[in-house]
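Summary of structural features
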Amino acid sequence: MASKILMGDMPELMENILNNLNDEIHSVYSCALMSRHWCKMSIPILWQDPFAFNPRPSFISNYFSSLGEYENIVLKKCGINEEFSKTIFDYASFLKVLNLWKFIHKVDDWIKLFISSKSPNDGTSRYHIINLLFKLFIKSGVILHKFSLYFSESIEFKPEIFYSLEQNMQFFSQIQHLTLYIIDLNVESVTTLLRALAKNATKIRTLKFREYPNNGHDNDNDMLQLIHSFIYITKSQEQLRIISLVGVKYFTKFHGFISALESQKCSLQEVRIDECNFSAEFEILNNCKNLETLHIKYCNEILSKLSKILDYKISTLELTDYLIDARPIALILKKSGILLRRLSLESDLEINEEPLLLEAIKSFCSNITCLKLENLHFLHSL
């Protein structure tokens, strides 16, 4: 069988092997050097997420190997007069993972290869090249599986991008993991892109919403417009499994964003909350009867409130905080009982009322298979 794989007689098996090496880029690269057949199988995997692992921005030039006359004119206006060599593969068509933050930084580095740092640049080069690449990805038949949408004033898409998205609906149709980062806003461009995404992406399994401190949003109407887009995306999903909220402190009431999870009450299995403000909207989690995993980091208030409002059992509880409070944890442990399988507690300080926690673990959680107590300074023992 090994010889058949080496000779390329079992392409399906070979593809499965290479896909299992997806996170070991250097191993996949070595496979690409084995033979012409192995190269043909490996290159699509190597180019699924090039902006994440490729240390040199020069790889972007491969995308421009078959530009039309209009695109070449655009590059020349940006000060790039390079003649790009033809490539064997259509690298753009292999893209499956796109993180806009990493994408933009790689584009900036690529521009520096051709434009002197002393040359005046008002950002127009970045604007045109980002749009050229994005349009190229859409027209190459890219089908994204993972998309990280980075909201920034530095990102602005031309109207032709949205037209291309309407003509090539498969671009967003298979996204399973979506991350929404708020840093600052170009509201018009972002909301238009979100509408296109919500219209075509209905198979998202993991949705992560992250807000950065001091992100510069001064206009409440703009933010509400953005939140309404998020609500629409949440409600349009067929089976959302994981929701993650990181650093969400701007929205005291979340304006219905958490309440929208009511539409996912039959599919939601995991909730991650990290440095967020509490809102009464979190009570909606009590309707999510298939929720199995709860991760809470640096949210003492949320933990305290959730322990009182949640009325069902979970199998995994992971808590991280500066100071662990035993009472709400003990209440959750009592409700979860023998269904709790994994418990992780991490703090740099002593735990409050730790005998209460120890007693709850011994009394109610006899089926724990994984217990992690990190940096906790117990005065008693189990």
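Residues numbered from 1 in each chain as written. Predicted model: local features only at pLDDT ≥ 70, side-chain atom pairs only at ≥ 80, totals over all residues. Heavy atoms only, no water.

The name an unreviewed UniProt entry assigns to the chain is F-box domain-containing protein, from the organism Gigaspora margarita.

What follows concerns the packing of helix α14 (residues 326-336) against helix α15 (residues 354-364). The N-to-C vectors of α14 and α15 enclose an angle of 5°; their axes lie 9 Å apart at closest approach. In terms of their interaxial angle, α14 and α15 are classed as roughly parallel. Across the interface between the two elements, A326, R327, I329, A330, L333 and K334 of α14 pack against L356, L357, A360, I361 and F364 of α15. The residue makeup of the contact of α14 with α15, split by class, is nine nonpolar, no polar and two charged. (Axes fitted to C-alpha atoms, helices over the stretch in contact; angles between N-to-C directions. Helix = DSSP H or I, 4+ residues; strand = E, 2+ residues; numbered from the N terminus. Parallel < 35°, antiparallel > 145°, perpendicular 65-115°, else oblique. Contact = heavy atoms within 4.5 Å. Nonpolar A, V, L, I, M, F, W, Y, C, P; charged D, E, K, R; others polar.)

Residues of α15 that are buried include every one of E354, L357, L358, A360 and I361, and no others. Relative to the axis of α15, the buried residues are bounded by an arc of 160° and lie together on one face. Turning to α15, the residues buried within the fold contact α14 and β9 (342-346). (Buried < 20%, exposed > 50% of the residue type's maximum accessible area, 1.4 Å probe, protein only. Arc of directions from axis to C-beta.)

Within the open sheet, the 10 strands sit side by side as β1-β2-β3-β4-β5-β6-β7-β8-β9-β10. Their pairing is parallel. Whereas interior strands pair on both sides, the edge strands pair on one side only; in this sheet they are β1 (97-99) and β10 (370-374). On average, each strand axis in the sheet is inclined to that of its neighbour by 5°, with strand direction left out of account. Pairing geometry for strand β5 (residues 242-246) and strand β6 (residues 270-274), over five bridges, is parallel. (Pairing = 2+ DSSP bridges.)

On the surface, a nonpolar cluster with roughly 270 Å² of combined accessible area is contributed by Y298, Y322 and L323. By secondary structure assignment, the location of Y298 is in the loop between β7 (293-297) and α13 (300-309). (Patch = residues over 30% accessible without salt bridge, like charges linked within 9 Å, V, L, I, M, F, W, Y side chains within 5 Å. Areas by Shrake-Rupley, 256 points an atom, 1.4 Å probe, with all protein chains shown as cover. Salt bridge = Lys/Arg side-chain N within 4 Å of Asp/Glu carboxyl O.)

Taken over all residues, the pLDDT of the chain has a mean of 81, while the share at 70 or more is 80%. Confidence, read as mean pLDDT per element, is least for helix α1 (residues 2-7) in the chain (50) and greatest for β1 (94). (pLDDT = per-residue confidence, 0-100.)

The next point concerns unusual backbone geometry. A positive phi angle, near 55°, is found at E275, a position not held by glycine. Although it is not a glycine, Y298 sits at a positive phi angle of roughly 55°. By relative accessible area, which is 30% here, Y298 ends up partly exposed.

As a further point, take the packing of aromatic side chains. Under the criterion given, the structure shown has 27 aromatic pairs. Geometrically, the ring pair formed by F84 and F114 is edge-to-face, given 6.0 Å between the ring centres and 80° between the ring planes. Of the two residues, F84 sits in the loop between α6 (69-77) and β1 while F114 sits in helix α7 (residues 100-114), which places them 30 residues apart along the sequence. Classification of F84 as buried rests on a relative accessible area of 15%. When its relative accessible area of 24% is taken as the criterion, F114 is described as partly exposed. (Phe/Tyr/Trp six-rings, centres within 6.5 Å; stacked < 30°, edge-to-face > 60°.)

What follows is about the environment of C370. The residue C370 is located in strand β10 in this model. Residue C370 is classed as partly exposed on the basis of its relative accessible area, which comes to 28%. Here the alpha-carbon distance between C370 and R341, two residues 29 residues apart in the chain, equals 6.5 Å. C370 has contacts with R341, R342 and L343, leaving out every residue within four places of it along the chain.

On to the pattern of salt bridges, then. Overall, the coordinates contain six salt bridges when judged by the stated rule. Between E238 and K203 there is a salt bridge, with the nearest N and O atoms lying 3.9 Å from each other. Of this pair, E238 sits in the loop between α12 (220-235) and β5 while K203 sits in the loop between α11 (187-200) and β4 (206-211), placing them 35 residues apart in sequence. In this structure K203 comes out as partly exposed when scored by relative accessible area, which is 36%.

Moving on, we come to the pairing of strand β3 (residues 177-182). Note on strand geometry: in a regular strand, side chains alternate between the two faces of the sheet. Most of β3 sits inside the fold, with five of its six residues counted as buried. For strand β2 (residues 146-151) and β3, the ladder comprises six bridges, and the chain directions are parallel. Paired with K146 across the bridge in β3 is H177.

For V97, the location among the structural elements is in strand β1. Sequence spacing of V97 and A52 is 45 residues, and the spatial spacing of their C-alpha atoms is 8.8 Å. Ignoring anything within four residues of it in the chain, the contact list for V97 reads Q48, D49, L144 and K146.

A few words now on α13. Three- or four-residue spacings in an α-helix give side chains the same orientation, since the helix completes a turn every 3.6 residues. Among the residues of α13, those classed as buried are I302, L303, L306 and S307. Down the axis, α13 shows its buried residues gathered within 130° of arc, on one side only. On its buried face, α13 sits against β6, β7, β8 (316-320) and α14.

Turning our attention to the environment of L165. With respect to the secondary-structure elements, L165 resides in helix α9 (residues 159-167). For L165, a relative accessible area of 3% puts it in the buried group. For the pair L165 and I138, spaced 27 residues apart in the sequence, the C-alpha separation amounts to 6.8 Å. In this structure, L165 is in contact with I138, F171, F172, L193 and A196, ignoring residues within four places of it in sequence.

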